[in-house]
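# A closer look at the structure
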Amino acid sequence: MSREAVVAALTGPELKDVVDLVVWVEHGAALAANHLGRVRLGTDGTHEVLEGIDPVASEDPMAFLPYAREVAAPGPSVSTDNAYPYAAQRILSLFADPDRSTDVAVVHTPRHFFPEEGGHVGEHGSLDVIQSRAPLLLAGAGVRRLGLLDEHARLVDVGPTLAYAAGVPRTDLTDARGAPLDGRPLAAYLEELPAGQPRRVVGLLWDGAHCGELLELAERGELPGVARLLERGLALRGGAVAEFPSVTLTNHTSILTGVGPGRHGVLGNVYYDRATGEQVVPNDAETWPRSAEWLRPGVRTVFEMVNDHVPQRDSPRTASVDEAIDRGADYATMALLRAAGGFEAATAAGQGVLPEPEHSPFLTNPEDLADAYFRWAVQVDDMGLQQVLQLWERADTAPTLTWWATVVTDAGHHLGGPRSGPARSSLRQSDARLVAFLDHLESLGVLDEVTFLLTADHGFEGSDPSVTGSWRPALDALGIPYRDEGPGFVYLL
Ligand SMILES: [Zn+2]
């Protein structure tokens, strides 16, 4: 069978430095293989070794903690030194879409450096724990002040938690068909608000912000905004585990719908749809405003969940700032772009012209602007803060749910990898924007009446410039027609 030939080609010892794992689903079960062996993974944590030794030796979501352990030994070079939390559940979700799922998914080794195929110094996308670990902080009104906890959650829990904190009852945390979500509200960390206090929830997504580094810098006093949240709540040292692949649009969608990729349909930043015969690229400035076109019919966004429980009013009940997954939000940056005919059209027409990054009051290291993505991200994030301050001009008209995505953190971590100068400056500048917002809330006298959740869509690991190469020649040599999107999503045609 073709898939067996593909698995055999990708698990040869000559590819062991670039192929960490090959995963697929057979007869309803998740399988993983590499040069060491092959295993069938149960959702109850059981591992049935089918060949050689178990390549997925650990599923520990708390692996490489405390953070000093990760810093001391970054980028495990063999899968048996790594950990892959919720391996079966996450693989099964990726393979649950009838038209968009791949035949085989290839996981890059943490050290693989592949700039010729879109890779960066800092990378994410893997099933492994570090690239899948996003920060998870809860703070403010209705949050228990528990400080740093040796616990973890999942990114599919974020949407249900936001909706629950905004007043949606547990029984209504379902998809559009009334089925339970994949995630659950993190109710154990929440308590009742004082009687009569309006619910106002602010969700912050710092794209690609590294969990361990974020908490470390906050504890060292280098992220005063995050520290201010932490003293009003809690953070999980194990963060929140991303869906697989640990890429941006898949996880933004999982966060804001509470379900994995097999249910929401955004399988990756790039994927192939067999039903239409088209490549879909949902993670692009031109396609972000069209995200709703790719959501599967059963999906309900957190904005739709909250709007169902808040009476219509003149001011937005829900707001989605700089976020692609915005369906249902009363205010949405992407709605402005849709109205203008897309990102390029809006810029060309002089609408929403991005502010000059050189003049950004939040820029800490001007040298970072030499990178085009970082430069654009500073502009987008400055506009993001402007939007949030406008939405919160007055407390009584502020949204019940404000979702605010920040992008410079992704740019900084791609540019230099975790703990690098650009990564740290991206965290510091995002923190400075957060401080501006917190100060504004304080001036309105409502800082302690707002519930905050700070997270990201994935983690990051630094690649090794000496570990290069591609599995493409091995696939080409099979003479089987295929597509490799990503790279890593292999479709047999
Ligand atoms: Zn991202």
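Residues numbered from 1 in each chain as written. Predicted model: local features only at pLDDT ≥ 70, side-chain atom pairs only at ≥ 80, totals over all residues. Heavy atoms only, no water.

## Let's talk about the overall build of the protein chain
A count of helices and strands for the protein chain gives 16 helices and 22 strands. For the protein chain, the C-alpha radius of gyration of 22 Å lies close to 23 Å, the compact-globule estimate for 493 residues. In terms of overall dimensions, the protein chain has a C-alpha envelope of 65 × 50 × 50 Å along the principal axes. Taken across its 493 residues, the protein chain has 61% of its residues classed as buried. Accessible area for the protein chain stands at about 17900 Å²; split by element, carbon and sulfur atoms hold 51% of it. When the 38 positive and 69 negative side-chain charges of the protein chain are each reduced to one mean point, those points stand 4 Å apart. (Helix = DSSP H or I, 4+ residues; strand = E, 2+ residues; numbered from the N terminus. Rg over C-alpha atoms; globule rule 2.2 N^0.38 Å. Buried < 20%, exposed > 50% of the residue type's maximum accessible area, 1.4 Å probe, protein only. Areas by Shrake-Rupley, 256 points an atom, 1.4 Å probe, with all protein chains shown as cover. Lys, Arg positive; Asp, Glu negative; His and termini not counted. Charge placed at Lys NZ, Arg CZ, Asp CG, Glu CD.)

## Some words on the sheet that holds strand S21 (residues 482-485)
The strand order S4-S3-S2-S1-S5-S22-S21 describes an open sheet built from 7 strands, whose pairing is antiparallel. At either end of the open sheet lies a strand with only one pairing partner, and these are strand S4 (47-52) and S21. Across this sheet, the average inter-strand angle for adjacent strands is 20°, counted without regard to direction. Pairing of strand S1 (residues 19-26) with strand S5 (residues 104-108) involves 4 bridges; the strand directions are antiparallel. (Pairing = 2+ DSSP bridges. Axes fitted to C-alpha atoms, helices over the stretch in contact; angles between N-to-C directions.)

## With respect to the sheet that holds strand S10 (residues 153-154)
As summarised here, the arrangement of the 3 strands in space is S7-S13-S10, forming an open sheet in which the pairing is mixed. Of all the strands in the sheet, the pair left with one neighbour each is strand S7 (133-134) and S10. Relative to strand S13 (residues 240-241), S7 runs antiparallel, the two being bridged by 2 bridges. Its bridge partner being in S13, Arg-133 is matched across the sheet by Val-241.

## Here we look at the coordination of the zinc ion
For a metal bound by four donors in tetrahedral geometry, the ideal donor-metal-donor angle is 109.5 degrees, whereas six donors in octahedral geometry ideally sit at 90 or 180 degrees. The zinc ion binds to the protein through Asp-207 (OD), Thr-248 (OG1), Asp-457 (OD) and His-458 (NE2); the donor distances cover 1.9 to 2.1 Å. Considering all 4 donor atoms around the zinc ion, angles at the metal cover 94 to 135° and the coordination shape is irregular. Counting along the primary sequence, the residues that act as donors to the zinc ion give the motif D-x40-T-x208-D-H. One end of the pair, Asp-207, is in the loop between strand S11 (201-206) and helix H6 (211-219); the other, Thr-248, is in helix H8 (residues 248-257), with 41 residues separating them in the sequence. (Donors = N, O, S within 2.8 Å, 3.2 Å for Na, K, Ca; no water. Tetrahedral: all angles 85-135°; square planar, octahedral: opposite > 155°, others 65-115°.)

## Brief notes about H6
The buried count for H6 comes to 7 of 9 residues, which makes it a mostly enclosed element. The complete set of buried residues in H6 reads Cys-211, Gly-212, Glu-213, Leu-214, Leu-215, Leu-217 and Ala-218. With its phi angle positive at about 85°, Gly-221 sits one or two positions after the end of H6.

## Some thoughts on the pattern of salt bridges
Applying the stated criterion to the full structure yields 35 salt bridges. A salt bridge links Arg-419 to Glu-70, with the shortest nitrogen-to-oxygen separation between them at 3.4 Å. Taken together, the residues span a long stretch of sequence, with Arg-419 in the loop between helix H14 (408-416) and helix H15 (421-444) and Glu-70 in helix H2 (residues 67-72) at a distance of 349 residues. The class for Arg-419 is partly exposed, based on a relative accessible area of 22%. Glu-358 is the partner of Arg-375 in a salt bridge, and the nearest nitrogen-oxygen pair spans 2.9 Å. Taken together, the residues Arg-375 in helix H13 (residues 372-391) and Glu-358 in the loop between helix H12 (343-348) and H13 connect sequence positions 17 residues apart. The exposure class assigned to Arg-375 is partly exposed, which follows from its relative accessible area of 29%. Several salt bridges share partner residues, and in doing so they unite Glu-216, Arg-220, Glu-222 and Arg-428 into one network. (Salt bridge = Lys/Arg side-chain N within 4 Å of Asp/Glu carboxyl O.)

## Overview of the confidence of the model for the protein chain
Model confidence for the protein chain is summarised by a mean pLDDT of 96, while 99% of its residues fall at 70 or above. Least confident of the elements in the protein chain is H12, whose mean pLDDT is 75; most confident is strand S19 (residues 451-455), at 99. (pLDDT = per-residue confidence, 0-100.)

## What to know about the packing of aromatic side chains
Throughout the structure, instances matching the rule amount to 5 aromatic pairs. With centroids separated by 5.4 Å and ring planes inclined at 75°, the aromatic side chains of Tyr-272 and Tyr-491 adopt a geometry described as edge-to-face. One end of the pair, Tyr-272, is in strand S14 (residues 271-273); the other, Tyr-491, is in strand S22 (residues 489-492), and 219 residues separate them in sequence. Tyr-272 gets classed as buried once you look at its relative accessible area, which sits at 11%. Given a relative accessible area of 0%, Tyr-491 falls into the buried group. (Phe/Tyr/Trp six-rings, centres within 6.5 Å; stacked < 30°, edge-to-face > 60°.)

## Some remarks on the side chain of Asn-82
Looking at where Asn-82 falls in the secondary structure, it is placed in the loop between H2 and helix H3 (87-94). A polar side-chain atom of Asn-82 sits 3.1 Å from a polar atom in the side chain of Asp-128. (Polar contact = N/O pair within 3.5 Å; in protein donor to acceptor, adjacent residues only side chain to side chain.)

## Regarding the packing of H13 against H15
Where H13 contacts H15, the axes come no closer than 10 Å and their chain directions differ by 10°. By the criterion of interaxial angle, the relationship of H13 to H15 is roughly parallel. Seen from above, H13 lies across H15 with right-handed handedness. Of the residues in H15, those touching H13 at Phe-374, Val-378, Asp-381, Asp-382, Leu-385, Val-388 and Leu-389 are Pro-422, Ser-425, Ser-426, Gln-429, Arg-433, Ala-436, Phe-437 and His-440. Counted by class, the contact of H13 with H15 contains 8 nonpolar, 4 polar and 3 charged residues. (Parallel < 35°, antiparallel > 145°, perpendicular 65-115°, else oblique. Left-handed = near helix turned anticlockwise from the far one by under 90°. Contact = heavy atoms within 4.5 Å. Nonpolar A, V, L, I, M, F, W, Y, C, P; charged D, E, K, R; others polar.)

## Describing unusual backbone geometry
Cis geometry marks the peptide bond from Leu-65 to Pro-66, where omega comes out at 0°. Cis rather than trans, the peptide bond between Gly-486 and Pro-487 has omega equal to 0°. Here Pro-487 shows up in the loop between S21 and S22. The backbone of Tyr-86 sits at a positive phi, close to 50°, despite the residue not being glycine. With a phi close to 55°, Asp-322 is a non-glycine residue in the positive phi region. Relative to the helices and strands, Asp-322 is located in the loop between strand S16 (318-321) and strand S17 (331-332). Given a relative accessible area of 16%, Asp-322 falls into the buried group.

## Let's talk about the environment of Pro-361
Inspection of the secondary structure assignment puts Pro-361 in the loop between H12 and H13. It is 9.1 Å that separates the C-alpha atoms of Pro-361 and Ala-432, two residues lying 71 residues apart in sequence.

## Re the pairing of S16
Alternating positions in S16 separate into two faces, Thr-318 and Ser-320 on one and Ala-319 and Val-321 on the other, with burial throughout. Relative to strand S18 (residues 401-406), S16 runs parallel, the two being bridged by 4 bridges. Each bridged residue has a counterpart across the sheet, and for Thr-318 the counterpart in S18 is Leu-401. Relative to S17, S16 is paired through 2 bridges, and the arrangement is parallel. Bridge pairing in S17 places Ser-320 opposite Ala-332.

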